[in-house]
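Understanding the architecture of this molecule
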Amino acid sequence: MEINSLNAINRSIKKNITLSLLSLLALSLLILNVIYYSNVTAVNQQNKIEISSNFDLLKSNISEKISIIASSSAFVDYLRSGSVSQKSLKSDFIYDLKTLKLKDINGMKIVSASGDTIFSDGASSSYYVDLPLCYFDRGLDSTLGDCSHHLILYFDITALIKSLQKVNDNLIQCKHCTPIDFLSSKTFGSFNVANASKMPLFFDIKKPQSFNIITINLIVFLFMAILASWTWRRTNFILDKYISHPLKKIANKLKNGEGLAQNGEIDELAYLVNQIQDREEKLKIAKENENLVVIGQMLSQVAHDMRSPLAVINTIVKQAVQIPKRQRTLMRGADQQLRGLTDNLLSQYRVKPVTNLLTENTAHEPQKISILLSSIISEKQAEYNQLPVAIHYKSDSNSDNATTDISMVDFKRVISNILNNAIEAIHETGNVTVTLTASSNSAIIRINDSGVGMKPELIEKILNGKSVSYKKNGVGIGLASSYNFIQSWGGDLDIASQQNVGTTVIITIPTSIHHDIALQDDPCHEYADLILIDDNKSVTDAWELSAISKRRKIITFNNLNDVGRGIKKFDRTIPIYIDSDLGGAIRGEQYAKVLYEQGFFNIYLTTGYKNSSFEPMSWIKGIIGKEPNIG
Amino acid sequence: MYSKRKNNLNLKCIFLIYAFLIAIASTNVYAAPDGSVNVITWWGYLDSPGVAQEVKDKCNVNLSHDTYYTNNEFLRRVSTNKTRYDIIIFSQTIYDLVKDQIPKNKVNLTAISEKFNPIIRNQYQHGNFPHNVIYFMHSLSGFLWNPKVIDLSSQDSVEDIFKKANKNIIVMIDDPVEIWNLINKTYGSKNNTELKNYNDTLQLNSANFKRLTQNATVYMANNYNQTYDQKNFAFAFGWSGDAIVYMKQAKKPFKFLIHPKLSYISSDLMAVINDNPQTICVAKVLMSKKVLDIVENNTYYFSPYGDYQAVKLPAYQSIYQEVFKKLPTIQWLEAPLSSADFEKMTNAWNDIQLNMRSTRDGN
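Residues numbered from 1 in each chain as written. Chains lettered and ligands numbered in written order. Predicted model: local features only at pLDDT ≥ 70, side-chain atom pairs only at ≥ 80, totals over all residues.

Looking at the overall build of chain B
Counting its regular elements, chain B contains 14 helices and 10 strands. Counting only residues that meet the buried cut, chain B has 50% of its 363 residues in that class. (Helix = DSSP H or I, 4+ residues; strand = E, 2+ residues; numbered from the N terminus. Buried ≥ 20, exposed ≤ 12 C-beta atoms within 10 Å, placed from the backbone.)

This is the structure we're talking about:
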């Protein structure tokens, strides 16, 4: 950026600030004057109202006095008398009138309906008001009365002005103000006015001492000018000191190839750099923390993996009587120390136990459909154990070998959703039965409920793949989506339903029968003292070693497919020891439940964790360590 | 507070009557002091300039007349020592209050009655009045009604008439005797039609008055002037003369109902207080058919001569004819009252007026 450009910017900013201040000054003066003149107008209007109000008050006073007299017997009798009686009544009549002491009245006259003056007193003047005297019987009543006489009052304007000033001390006469007609109203107190002369009075209300508008303008102008001057100077100072001057200086130095001073000139830049560095540091720490989590997870896995070899070592040590006692003691001590370290690591970094049978990262390995179904049903039984709905599972012999390559997550979603629908369709007590049958290339899952049934048009929509909504708070996938999933697997979905009887959802999915894992039913039972299921070969080896030493027959399995193939040969009373962490998607305690449902009931869970880490499981007879436990 | 005011009224009334008697007794001394004859009469009777001119022409004396609007006002005005009257014109209903005090002088006006309508003459003769007392004008009570608000017929009972008025404005004669008469004709014993003894009749009080007027907004006035201009003016129970005046003034299609049971003739009497020739002259002029024709055509009351041909206004003429046609059957309001009964009635009437005014204004 050129120096000239910087100067131009500087000048522009200063010019704008100056113009803004001048505009502010002009606007302030304008607003001040508008407010002042609005106020003056309002005050004048208010004064006019106040003056009129004072007029009314005086008229009311005069009218009240006249009303008192005009209602008196002497007055009414006088009006209703002939000349003879009037002579005799006149003294009383005049006496009453005199008691009024109407100083503002120069004179008065009473005129009859025929126009005859029946009474007059005082002098007339050019300011007069003609008031009809209306009587309803003997009382004055300007609405209903008979107005056969008129009272004409002649005013003494000088006395009237004095009276008005007595009414309000602040009333002052003025020569140039707008006059207000004292007799312009159609009423005079409680009397109607038949006729009246003009009586303009020049009055104003005394104002409190106040500043002249010019003085106020001057004061405001000076104040604003001082403020503007100060603001202008201050702005210039700030611009020069913190922007213009440093920039000029830096620009000049850079132009001349000089380095920037370490202090002062580049403070701002240094601050920014510091900020960036600080951010980078924080990001680094965050990254390290993230890594620590990964490391913790790795350590946890290592610790878990170490527990099995340690168990083997411990078994061997116990049995290896040929090792000198001291060495055995040392080895046991080392074993205890390592076990303590693994426990510590596991307690610190233990990954939350997987409670979901199927996870997103599950590979599409061939899975036994019966096992998947058993797991899902177990979950549903636990989920809906408060409802009076019984969930049953049935399968034929062929179905045990039926496997599927489809995503377990999708399979679980679909079956779970259909099961949820089936359970929710039962409003009171009822049954849900899941039946699995299999042929050479397909498996059929029938989910039957004794619920309310579905309408044919709804079924048609679902089977057409149309999304339907019939549940208020549904959170899973819908039946229509399930249908789409199943079709994407190469399967099919059909629905048979009768309202108020129940619904059967029939799911057909292709199977992937693998002969190498297909179970060959052996009608002959095989005998063994116990079965161990553990994914860790070293553990199974240790248990086998221990069994040999105790002359017991042990059958071990390292994966669940082998278990499914071989376990049916054994008696249902055989003790089964199953590792909690089988290294796959299915946890040992979940598979144990499948076995339990197949009739095995002496099932023990082996684990490196404490017993308190597990919730009570009715199908598990006991939880023990991973060391061989062969009695 | 209330009883004190009432006592004051009683005392005031007694004082008025007493003062009235003194005034009457002393009128001979002060009569016609300055070439004028002083008369007190109902408002409107002698207002016509033609009357004063006739007096001036015939008697060479000025007619000075005072007017009043109620019997009570009449009594008050004649009772003051400030004014002396040569001739008094007043309602027959209060005749018994003053009859003993009207001086029996040489004035004899009975000959004038020879030219009266025969029925009126008979009624006058039946009254046995002194020679210096004679019938002046007559009126017929009835209902001036507004067809836009109410529909009255001669078949209606009194209760029906007031019921039809609902909450609208009605105007009642400002005369306790007339109202007392109306209450007794409506709710009183059928055997006691003459109303001779106040204590044997339904009393004039607020309860009976309210029973009579029911829910109507009531004004009591003889000069009901602008009330007929009110949108909800239903009817006025008053005298036929006033009714015709207001029908003429209002220029509205008001109607006047002569009710066979409720309409009756009220008479005004003229008493000549002194036997000053000028006074006698004026009395005779005032009783002349010529003057009474003027009065009749100005006030629409009925002259005792009963000459409907002298009447100029067609509406008045038709009523006039109807009245004199029915005259033999129409009742006469005599109500001979003692001063004590009149005092009771006056006090009761004052109370009623006060109550009605506060109720009306309160509304």
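That covers the picture; the talk isn't over yet.
Observations regarding the overall build of chain A
Helix and strand counts for chain A stand at 14 helices and 24 strands. By the burial criterion, 28% of the 631 residues in chain A qualify as buried. For chain A, contacts bridging at least 24 residues in sequence account for 70% of all contacts bridging at least 6. (Contact = placed C-beta atoms within 7 Å.)

Digging into the sheet that holds strand 20 (residues 530-533) of chain A
All names here are of chain A. Spatial ordering of the open sheet is given by 21-20-22-23-24, a layout of 5 strands whose pairing is parallel. In this open sheet, the two edge strands, each paired with only one partner strand, are strand 21 (554-557) and strand 24 (622-624). Neighbour-to-neighbour, the strand axes of this sheet turn through a mean angle of 20°, independent of strand direction. In this fold helix 12 (residues 537-549) packs onto strand 20 and strand 21, with an angle of close to 175° to the strand it touches most, strand 21. Docked against the sheet, helix 14 (residues 588-597) engages strand 22 (576-579) and strand 23 (603-606), running at close to 170° with respect to strand 23. (Pairing = 2+ DSSP bridges. Axes fitted to C-alpha atoms, helices over the stretch in contact; angles between N-to-C directions.)

A few points about helix 7 (residues 158-165) of chain B
Residue and element names in this part refer to chain B. All of the buried residues in helix 7 are I161, F162 and A165. End-on view of helix 7: buried residues confined to an arc of 90°, all on one side of the axis. Close packing links the buried residues of helix 7 with strand 4 (133-145), strand 5 (169-172), helix 9 (206-213) and strand 7 (233-239). Where helix 7 terminates, the next one or two residues include N166, which has phi positive at roughly 55°. (Arc of directions from axis to C-beta.)

A closer look at the sheet that holds strand 19 (residues 502-510) of chain A
Two pairing modes exist for strands in a sheet, parallel and antiparallel, and in both the strands are linked by backbone hydrogen bonds. All names here are of chain A. One open sheet holds the 5 strands; their spatial order is 14-16-17-19-18, and the pairing between them is mixed. Two strands bound the open sheet, and with one partner strand each, they are strand 14 (389-395) and strand 18 (492-498). Across the sheet, the mean angle from the axis of one strand to that of its neighbour is 10°, orientation sign disregarded. With 7 bridges connecting them, strand 14 and strand 16 (residues 430-438) associate as parallel partners.

What to know about the confidence of the model for chain B
Residue and element names in this part refer to chain B. Looking at chain B as a whole, the pLDDT averages 82, with 84% of positions reaching at least 70. The low-confidence segment residues 1-9, where pLDDT is below 50, has 3 contacts with residues more than four positions distant or belonging to other chains. Scored below 50 in pLDDT, residues 22-33 makes 26 contacts in the model with residues more than four places away or belonging to other chains. Here the prediction assigns the complex a pTM of 0.52, and the interface score ipTM is 0.79. (pLDDT = per-residue confidence, 0-100.)

With respect to the interface of chain B and chain A
Facing the 17 residues of chain B at the interface are 15 residues of chain A. Secondary-structure elements contributing two or more residues to the side of chain B that touches chain A are strand 1 (36-42) and strand 2 (62-68) of chain B. Here the side of chain B that touches chain A takes 5 residues from strand 2 of chain B, the largest share from any one element. When its residues are assigned to classes, the side of chain B that touches chain A shows 3 nonpolar, 10 polar and 4 charged. (Nonpolar A, V, L, I, M, F, W, Y, C, P; charged D, E, K, R; others polar.)

Re the pairing of strand 6 (residues 217-220) of chain B
Residues and elements named next belong to chain B. What you see with strand 6 is no split at all: T217 and Y219 on one side and V218 and M220 on the other are buried throughout. Here strand 5 pairs with strand 6 via 4 bridges, running parallel. By the bridge assignment for strand 6, I170 is matched with V218.

Thoughts on the nonpolar core
Grouped together as the largest cluster of nonpolar side chains are 150 residues, with contacts concentrated most on I87 and F235 of chain B. For this core, the leading source of residues is strand 4 of chain B, giving 9 residues. With residues near it in sequence (within four places) discarded, F235 of chain B still touches F143, L144, W145, N146, I150, L152, A165 and I170 of chain B. The next biggest cluster of nonpolar side chains, apart from the first, holds 64 residues, and it includes I369, I426, L479 and I603 of chain A. (Core = buried A, V, L, I, M, F, W, Y, C linked by C-beta atoms within 7 Å.)

Points about the environment of N208 of chain B
All names here are of chain B. Within the secondary structure, N208 sits in helix 9. When the C-alpha atoms of N208 and I352 are compared, they prove to be 9.8 Å apart, with 144 residues separating the residues in sequence. Those residues in contact with N208 that lie beyond four places of it in its chain are I183, L202 and Q203.

Here's the deal with the pairing of strand 1 of chain B
Residues and elements named next belong to chain B. Here strand 1 lies mainly inside the structure; 7 of its 7 residues are buried. Direction of pairing for strand 1 relative to strand 2: parallel, over a ladder of 7 bridges. By the bridge assignment, I40 is partnered in strand 2 with D66. Note: strand 1 against strand 3 (residues 87-91), 2 bridges, orientation parallel. The residue of strand 3 that forms the bridge with V39 is I87.

A short note on the packing of helix 8 (residues 369-383) of chain A against helix 14 of chain A
Residues and elements named next belong to chain A. Between helix 8 and helix 14, the shortest axis-to-axis distance is 10 Å and the interhelical angle comes to 100°. When the axis of helix 8 is compared with that of helix 14, the two are roughly perpendicular. Across the interface between the two elements, I371, S374, S375 and S378 from helix 8 touch Q590, K593, V594 and E597 from helix 14. Tallied by class, residues from the contact of helix 8 with helix 14 come to 2 nonpolar, 4 polar and 2 charged. (Parallel < 35°, antiparallel > 145°, perpendicular 65-115°, else oblique.)

Remarks on the environment of S184 of chain A
All names here are of chain A. Tracing the chain through its elements places S184 in the loop between strand 7 (180-181) and strand 8 (187-188). Its 13 C-beta neighbours within 10 Å are what place S184 among the partly exposed residues. Considered as a pair, S184 and M199 are 15 residues apart in the sequence and their alpha carbons are 7.9 Å apart.

Quick look at unusual backbone geometry
Residue and element names in this part refer to chain A. Residue N500 is not a glycine yet carries a positive backbone phi of 65°. Tracing the backbone through its elements, the reader meets N500 in the loop between strand 18 and strand 19. In this structure, R551 is a non-glycine residue whose phi angle is positive, near 55°. Structurally, R551 is set in the loop between helix 12 and strand 21.

Side note on the confidence of the model for chain A
Fine structural detail should not be taken from predicted coordinates in areas where pLDDT scores are low. All names here are of chain A. On average, residues of chain A carry a pLDDT of 79, and 81% of them reach 70 or more. Counting contacts from residues 351-363, a segment whose pLDDT is below 50, to residues more than four positions away or on other chains yields 18 contacts. Predicted confidence for residues 514-524 stays below pLDDT 50, and this span has 12 contacts to residues more than four positions away or in other chains.

Some details on the packing of helix 8 (residues 176-187) of chain B against helix 9 of chain B
Residues and elements named next belong to chain B. The geometry of helix 8 relative to helix 9 is characterised by a closest axis approach of 10 Å and an angle of 65° between their N-to-C directions. Judged by the angle between their axes, helix 8 and helix 9 are roughly perpendicular. For the pair helix 8 and helix 9, the crossing hand works out as left-handed. Contacts from I179, L182, I183, T186 and Y187 of helix 8 reach helix 9 at N208, F209, R211 and L212. (Left-handed = near helix turned anticlockwise from the far one by under 90°.)

Here's the deal with the environment of D86 of chain B
One can find D86 of chain B in the loop between helix 4 (71-79) and strand 3. For the pair D86 of chain B and V37 of chain B, spaced 49 residues apart in the sequence, the C-alpha separation amounts to 6.2 Å.

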